[in-house]
Amino acid sequence: MASSRKLVTSHASGRKAIVHIQQLSGGNVTQGFTDSGTWTDVPGLSNVPVTFRTWSPYERAMAGQDFQGVGSRAYMRWRRGTNIRSNMRLVYGNHIYRITEASNYDEANTDIVLYLEEWQPTGTTR
């Protein structure tokens, strides 16, 4: 693995990471909880470079009103034909995030902003 493709385990703004976007197969997600099924990588989204960015206090307050529980956001390059939904999750390293919302900011087709709620913090039992 090239050094530029290594996983990053920091939340500092501007940090890049290679992540996996997964969807639930054979089960349902209801209010953030799965009832059964297996999480599998979405085809074409198994090694996606994203950039984690921090919030200003105002941005955090506004995001909290729109999406309860959101603590992080990640930016990925826009891809034609990519359909990321709020019932998917983002995995990198030992972090698991629920995708609360995916936004094509200003419909500009440059970046997709993923609003994330951390499901599995570092160091906890799965």
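For the structure, check the block above.
Residues numbered from 1 in each chain as written. Predicted model: local features only at pLDDT ≥ 70, side-chain atom pairs only at ≥ 80, totals over all residues. Heavy atoms only, no water.

**With respect to the pattern of salt bridges**
For clarity, the cut-off: A side-chain nitrogen of Lys or Arg and a carboxyl oxygen of Asp or Glu constitute a salt bridge if their distance falls within 4 Å. Counting from the N terminus, the helices are DSSP H or I runs at least four residues long and the strands are E runs at least two residues long.
What the rule picks out here adds up to one salt bridge. The salt bridge involving Arg98 is made with Glu117; its shortest N-O contact spans 2.9 Å. Here Arg98, found in strand β8 (residues 95-104), pairs with Glu117, found in strand β9 (residues 111-120); they are 19 residues apart in sequence, far enough to count as distant.

**A closer look at the environment of Gly14**
Condition: By definition, residues are in contact when any of their heavy atoms lie within 4.5 Å.
If you trace the backbone, Gly14 turns up in the segment before β1 (15-25). If we skip the residues at most four places from it in the chain, Gly14 touches Thr51, Phe52 and Arg53.

**Brief notes about the environment of Gly37**
Considering the arrangement of structural elements, one finds Gly37 in the loop between β3 (33-34) and β4 (38-41). Sequence separation between Gly37 and Leu24 is 13 residues; the distance between their C-alpha atoms is 6.2 Å. Those residues in contact with Gly37 that sit more than four places away from it in its chain are Leu24, Ser25, Gly26 and Gly27.

**A closer look at the packing of aromatic side chains**
The condition that has to hold: Put simply, two rings from Phe, Tyr or Trp (the six-membered ring, in Trp's case) pair if the centres are within 6.5 Å, and we call them stacked under 30 degrees between planes, edge-to-face over 60, tilted for the rest. The buried label goes to any residue with under 20% of its type's maximum accessible area, the exposed label to any with over 50%, and the partly exposed label to all in between, with areas taken from a 1.4 Å probe on protein chains only. Over a ring means this: the NZ of a Lys or the CZ of an Arg is within 6 Å of the ring centre and within 35 degrees of the ring normal.
Throughout the structure, instances matching the rule amount to four aromatic pairs. Considering the side-chain rings of Trp39 and Trp119, the 5.9 Å spacing of their centres and the 70° angle between planes classify their relative orientation as edge-to-face. Of this pair, Trp39 sits in strand β4 while Trp119 sits in strand β9, and the two are 80 residues apart along the sequence. A relative accessible area of 17% means that Trp39 is categorised as buried. For the ring pair Phe52 and Tyr92, a centre distance of 5.0 Å and an interplane angle of 40° mean the geometry is tilted. On the criterion of sequence distance, the pair formed by Phe52 in strand β5 (residues 48-53) and Tyr92 in strand β7 (residues 89-92) is long-range, its members being 40 residues apart. Classification of Phe52 as buried rests on a relative accessible area of 3%. An aromatic cluster is built from Phe52, Tyr92 and Tyr97, whose rings are joined through pairwise contacts. Sitting above the plane of the Tyr75 ring, Arg53 keeps its charged end 3.9 Å from the centroid.

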